[in-house]
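Listed below are the residues making up each chain.
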Amino acid sequence: MSLALINEIITNPVYHDYLAILKGARNGFVYGVKVRFPHALVMSILFGRGDWQTRVRMIYRATRQHAFNLAKFVSLYKTILLIQKKLNGGKERDSDTFIAGLIGGYFVFGDRNAVNEQIVLYVVSRVVASFIPRATSPYNTSPQSALAGSAVKPLPPDSKYFTIFAAVSWGAVMWLFRHRGETIQPGMFNSMKYLYRDSETWKDLKTLFWHNT
């Protein structure tokens, strides 16, 4: 098969929706690697236990799981959207995205593990934050920003309401850390423990400035 024929096929509108599923899986995998690898690397350096071989395996497993789960979710989400669209005569309904996200979330992220829990909590925080009243002008973006070419211009939270939201969020999480620490996600708990508890004790100059006791 010649390159010209391949290009003709992949640019044919007839195949667009199907190829978009493949491209979505690719983008989900790449984004998952970009997001999870540096996070797992830093967390392993700061809070990891065991030798470096063990830590490298943990970094690899977390990165692999994050990347493949995003790839699976994007491809499943797009597939379900396409099926619903075809069943509805080529038209997308307002509820289609919710149904596709619901099914994808159940099958891909419904298994409770550390990586899935972090991703779900991240999504939940964005959903909750979306209810903060919005400002009247969009975010300032550079011409090179991905938002610059978008028809939808996301609006930042109204500064007054965001101040209240931030204050309540931090008050709540600090109360939880002190009184109900078992309910906090382990990654965040480890970070908070490092910041607020480990900084309370030392026995000499070395453990004061170099590392914790």
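All values reported here derive from a predicted model rather than from experimental measurement.

How should I be thinking about the environment of Gly24 in this particular structure?
Looking at the secondary structure, you find Gly24 in helix α2 (residues 16-47). Along the primary structure Gly24 and Phe189 are separated by 165 residues, whereas in three dimensions their C-alpha atoms are 33 Å apart. In this structure Gly24 touches Val74 and Lys78, once residues within four positions along its chain are discounted.

Explain the packing of helix α3 (residues 52-87) against helix α4 (residues 96-109) to me, please; I cannot follow it from the model alone.
To describe two helices that pack against each other, one gives the angle between their axes and the distance between the axes. It is the contact of α3 with α4, at a shortest axis distance of 9 Å, that shows an interaxial angle of 145°. Along this stretch, α3 crosses α4, giving a crossing that reads as right-handed. Together, Asn69, Leu70, Lys72, Phe73, Leu76, Tyr77, Ile80, Leu81, Gln84 and Lys85 of α3 and Asp96, Thr97, Ile99, Ala100, Gly101, Ile103, Gly104, Gly105, Phe107, Val108 and Phe109 of α4 make up the contact between the two elements. Considered class by class, the residues forming the contact of α3 with α4 number 12 nonpolar, six polar and three charged.

Help me understand the side chain of Ser75, please; the structure alone is not making it clear to me.
In this structure, Ser75 sits in helix α3. With a relative accessible area of 18%, Ser75 lands in the buried category. Polar contacts involving the side chain of Ser75 include one to the main-chain carbonyl oxygen of Ala71, which spans 2.9 Å.

So what exactly am I meant to see when it comes to the packing of α2 against α3 here?
Close contact between α2 and α3 brings their axes to 7 Å; oriented N to C, the two are set at 155°. The angle between α2 and α3 falls in the class roughly antiparallel. With respect to the hand of their crossing, α2 and α3 are arranged in right-handed fashion. Looking at the contact of α2 with α3 residue by residue, the class counts come to 21 nonpolar, eight polar and six charged.

Cut-offs applied
Residues numbered from 1 in each chain as written. Predicted model: local features only at pLDDT ≥ 70, side-chain atom pairs only at ≥ 80, totals over all residues. Heavy atoms only, no water. Helix = DSSP H or I, 4+ residues; strand = E, 2+ residues; numbered from the N terminus. Contact = heavy atoms within 4.5 Å. Axes fitted to C-alpha atoms, helices over the stretch in contact; angles between N-to-C directions. Left-handed = near helix turned anticlockwise from the far one by under 90°. Nonpolar A, V, L, I, M, F, W, Y, C, P; charged D, E, K, R; others polar. Buried < 20%, exposed > 50% of the residue type's maximum accessible area, 1.4 Å probe, protein only. Polar contact = N/O pair within 3.5 Å; in protein donor to acceptor, adjacent residues only side chain to side chain. Parallel < 35°, antiparallel > 145°, perpendicular 65-115°, else oblique.

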